[in-house]
Amino acid sequence: MVAFDPADSRWLSSLPENSTAIQLPHLDGELVTDEDALTEAATDYGHLVHDRPRAVLRPGSVADVVTLVRFANEHGIVVAVRGQGHSTFGQAQAESGVVIDSRTLATVHEITPGHAVVDAGVQWLDLVRITLKDGIAPPVSTDYLGLSVGGTLCVGGIGGASQHHGMLVDNTLELQVVTGDGRLVTCSADHEPELFEAVLGGLGQFAIIVRATVRLVPAPTMARVYTLTYPRVTDLTAAQRTALADGRFDYLEGQLVPTDDDDFAFVLEGGSWYTAQPPDDEAVLAGIEPTGVDVVDVPYFEWLNRIYETVEQIEALRLPGPWLNAFLPDAATDEIVTELLTTLTPADAGGVALLYPARSSLITRPQVRVPAGEVFFLLALLRAVSPPDDAEAERLIADNDALYARVLAAGGTQYPVNALRLTPAGWRTHYGDRWPAVLRAKGRFDPRGVLTPGQGIFEPLSRAPGTP
Ligand SMILES: Cc1cc2nc3c(=O)[nH]c(=O)nc-3n(C[C@H](O)[C@H](O)[C@H](O)COP(=O)(O)OP(=O)(O)OC[C@H]3O[C@@H](n4cnc5c(N)ncnc54)[C@H](O)[C@@H]3O)c2cc1C
């Protein structure tokens, strides 16, 4: 595409004479409007929202992102970046706007023993493959590595090592971003700290991340993984609290695992890393008394990448994915989960339901909202509706809304990768005392409100498309 007609918000492949169309500035990459590109940009992992953009930018350079964002500001066009599209509810979509496909900006620029400099479109899997050759890796990883760096840093990035290291955003040292008003800025805790704080966990509202410097630490070669079974969910959380308190595992998660009799088993998943000397099983298991114990040793990379193929298989089924991820205050966790289990069926949980603790003192980025108190639990209902059924998906979204209300009432928060029908007022509640800072940052960095409408945090652009 080479031109845009603001009269009817159309992108044109030629510039007609005597028309109202405006020539696009030069792009190193391409702006496309073909059916396949628009359809892909109007869907995501959740298959619940299909907001169609009018064009997709495949940037050939950071300069292209700057050019597009400035053009969008001039002409009142909304813009969203799509990393790997693993959102579940249209968060990376931009109805009638432009989606920037960050997969074309995916270079690993630099690896040192302490950090890596990467483009936002890089997948963690690709980064980890490279860094592990030098015996280093990020200190925390998401369970699934096929996510983009930019998409993950927009939400937080939690995993089984968060109990020791916080989230991926807590291990990000510097960002290069294009602000919503089209400025290319490098920011860190020391330089442009308001921008840095706004963008990490900022759900794409203030700037587009184009490059990130992420922390690396020495990595082990092996993981010993303990799968420990408990009869009741409260036995699981008690064991997790003990393990969290003494930090015995390098990795600590837990799951509600469906059983053959349509119920759940409660499983603690603990990982101890080693390179030469395997951990002492007796010491690792002391005082947490599981009823079932399974121990396996796997190469560290295989452990980090353990669910990649399963996710690819699930993705191929294109199932509706009405996810709910909530952070529960420690004091309310047992009550909420016990109550939930009186109605939750394995079919409602849809495959994977996670439950594990982390420490709020390690979550240092203010945009990531965690409950008050030192310990909180992630409850993640990673639902998939199989076979696909719109009415069932709707029922589960309504169920998410009700469960989220319960979590809020108990002082909990959401981890914002969900299928929740949140209004701007609901987002205000989510941000709580952070809301004034969110508004200030929006006004300062994306004053025309062009960025990332699919999150639904702010009212949609009120101007008619094409009106400057
Ligand atoms: C199978 C699976 C497993 C997961 N496991 C975990 C887990 O263990 N831990 C965890 O924390 N999360 C997990 N997630 C959630 C995941 O971290 C988020 O959904 C993440 O946002 C997806 O990354 P993505 O690259 O697909 O982003 P997208 O879905 O493409 O985008 C997500 C949001 O970020 C914005 N965005 C993307 N890139 C940029 C950028 N460069 N600059 C500005 N905004 C941008 C988008 O516009 C959108 O609003 C998982 C998701 C899936 C599907």
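Predicted model only: the values in this text are computed from it and were never measured.

Caption draft 1: Molecular detail of the overall build of the protein chain. Helices and strands together make up the secondary structure of the protein chain, namely 15 helices and 22 strands. For a compact globule of 468 residues, the expected C-alpha radius of gyration is about 23 Å, and the protein chain comes in at 22 Å, within 12% of that figure. Based on the C-alpha atoms only, the size of the protein chain along its principal axes is roughly 80 × 50 × 40 Å. With 468 residues in all, the protein chain has 56% of them scored as buried. Surface accessibility of the protein chain: about 18,700 Å² in total, with carbon and sulfur atoms responsible for 52%. Charged side chains in the protein chain number 32 positive and 61 negative. The centres of these two groups are separated by 7 Å.

Caption draft 2: Highlighting the UniProt feature "domain: FAD-binding PCMH-type" (unreviewed entry) in the protein chain. When the UniProt feature table is mapped onto this chain, "domain: FAD-binding PCMH-type" (unreviewed entry) is found at residues 49–219. In residues 49–219, the share of helix is 23% and the share of strand is 27%. The end C-alpha atoms are 39 Å apart.

Caption draft 3: A look at the packing of aromatic side chains. Going through the model one piece at a time under the given rule, you end up with 14 aromatic pairs. An angle of 65° between the planes, with centres 4.8 Å apart, marks the rings of Phe327 and Phe376 as edge-to-face. Taken as a pair, Phe327 in strand β19 (residues 324–329) and Phe376 in strand β21 (residues 375–382) lie far apart in primary sequence, 49 residues in all. Neither Phe327 nor Phe376 differs from the other in exposure class; each is buried. These aromatic residues form a ring-pair network of at least three members: Tyr251, Trp273, Tyr300 and Trp303.

Caption draft 4: How the structure looks around the sheet that holds strand β6 (residues 79–82). Spatially, 4 strands are ordered β4-β5-β7-β6 in an open sheet, and the strand pairing comes out mixed. The open sheet has two edge strands with one neighbour each: β4 (30–32) and β6. Taken pair by pair, the neighbouring strands of this sheet meet at an average axis angle of 25°, ignoring direction. Relative to strand β7 (residues 98–101), β6 is paired through 4 bridges, and the arrangement is parallel. Each bridged residue has a counterpart across the sheet, and for Arg82 the counterpart in β7 is Asp101. Where helix α2 (residues 62–75) meets the sheet, its contacts fall on β4, β5 (55–58), β6 and β7, and the angle it forms with β7 comes to roughly 170°.

Caption draft 5: Highlighting the site of the ligand. Looking at the ligand, there are 32 residues lining it, with Val81, Gly83, Ser87, Ser148 and Tyr415 nearest. Here an oxygen atom of the ligand sits 2.9 Å away from a polar atom, N or O, in the main chain of Gln84. Between the ligand and Gly151, the relevant distance is 2.9 Å, taken from an oxygen atom to a main-chain nitrogen or oxygen of the residue. When the ligand sits alone it has 960 Å² of accessible area, and the protein chains cover 96% of it. Put simply, the parts of the chain that give the shell around the ligand at least two residues each are β6, α4 (149–153) and β13 (207–215). No other element matches the 3 residues that β13 contributes to the shell around the ligand. Broken down by class, the residue content of the shell around the ligand amounts to 16 nonpolar, 14 polar and 2 charged. Here the shell around the ligand spans two domains, since at least three of its residues come from each of domain 1 (3–102 + 444–455) and domain 2 (104–218).

Caption draft 6: Expanded view of the side chain of Asp170. As for its position among the elements, Asp170 is in the loop between α5 (162–165) and β11 (172–179). Engagement of the side chain of Asp170 in a polar contact is seen with the backbone nitrogen of Met167, the distance being 2.7 Å. From its side chain, Asp170 meets the backbone nitrogen of Arg365 in a polar contact 3.4 Å long. Ignoring anything within four residues of it in the chain, the contact list for Asp170 reads His165, Leu362, Ile363, Thr364 and Arg365.

Caption draft 7: Quick look at the nonpolar core. Ranked by internal contacts, the top residues of the largest apolar core, which has 106 residues, are Trp124, Leu153, Leu175, Val177 and Phe249. Top contributing element to this core by residue count: β21, with 8 residues. Two domains each put at least three residues into this core: domain 2 (104–218) and domain 3 (222–414). Residues contacting Val177, with those up to four places away along its chain left out, are Arg183, Leu184, Val185, Cys187, Leu195, Val199, Ala207, Ile208, Ile209 and Val210. Ranked by size, the runner-up nonpolar core spans 24 residues in total, among them Val66, Ile77, Ile100 and Val450.

Caption draft 8: Seen up close, the pattern of salt bridges. The final tally for this structure, using the stated rule, is 25 salt bridges. Measuring nitrogen to oxygen at the nearest pair gives 2.9 Å for the salt bridge that ties Asp8 to Arg10. Residue class for Asp8 comes out partly exposed when judged on its relative accessible area of 37%. Arg241 is paired through a salt bridge with Asp334; the nearest N and O atoms lie 3.2 Å apart. One end of the pair, Arg241, is in helix α7 (residues 233–246); the other, Asp334, is in helix α11 (residues 330–340), with 93 residues separating them in the sequence. The class for Asp334 is partly exposed, based on a relative accessible area of 24%. A cluster of three or more residues bridged by salt bridges with shared partners is formed by Glu40, Asp101 and Arg103.

Caption draft 9: Geometry of helix α15 (residues 435–445). Within α15, burial applies to Trp435, Ala437, Val438, Ala441, Lys442 and Phe445. For α15, the arc enclosing every buried residue in end-on projection is 160°, short of the 170-degree limit, so these residues lie on one face. On its buried face, α15 is in contact with β11, α6 (193–199) and α14 (424–431).

Caption draft 10: Structural context of unusual backbone geometry. At the junction of Ser386 and Pro387, the peptide bond is cis and its omega measures out at 0° in the coordinates. Locating Pro387 in the fold gives a position in the loop between β21 and α13 (390–409). Non-glycine residue Ser9 carries a positive phi angle of around 55°. Turning to its location among the elements, Ser9 is positioned in the loop between β1 (3–5) and β2 (10–12). By relative accessible area, which is 6% here, Ser9 ends up buried. The phi dihedral of Glu289 is positive, around 30°, even though this residue is not glycine. Among the structural elements, Glu289 can be located in the loop between α8 (281–285) and β18 (292–299). The exposure class assigned to Glu289 is exposed, which follows from its relative accessible area of 64%.

Quick notes on the rules
Residues numbered from 1 in each chain as written. Predicted model: local features only at pLDDT ≥ 70, side-chain atom pairs only at ≥ 80, totals over all residues. Heavy atoms only, no water. Helix = DSSP H or I, 4+ residues; strand = E, 2+ residues; numbered from the N terminus. Rg over C-alpha atoms; globule rule 2.2 N^0.38 Å. Buried < 20%, exposed > 50% of the residue type's maximum accessible area, 1.4 Å probe, protein only. Areas by Shrake-Rupley, 256 points an atom, 1.4 Å probe, with all protein chains shown as cover. Lys, Arg positive; Asp, Glu negative; His and termini not counted. Charge placed at Lys NZ, Arg CZ, Asp CG, Glu CD. UniProt positions renumbered as here; feature names shortened; annotations may be inferred. Phe/Tyr/Trp six-rings, centres within 6.5 Å; stacked < 30°, edge-to-face > 60°. Pairing = 2+ DSSP bridges. Axes fitted to C-alpha atoms, helices over the stretch in contact; angles between N-to-C directions. Contact = heavy atoms within 4.5 Å. Near = heavy atom within 4 Å. Polar contact = N/O pair within 3.5 Å; in protein donor to acceptor, adjacent residues only side chain to side chain. Nonpolar A, V, L, I, M, F, W, Y, C, P; charged D, E, K, R; others polar. Domains from an automatic or database assignment. Core = buried A, V, L, I, M, F, W, Y, C linked by side-chain atoms within 4.5 Å. Salt bridge = Lys/Arg side-chain N within 4 Å of Asp/Glu carboxyl O. Arc of directions from axis to C-beta.

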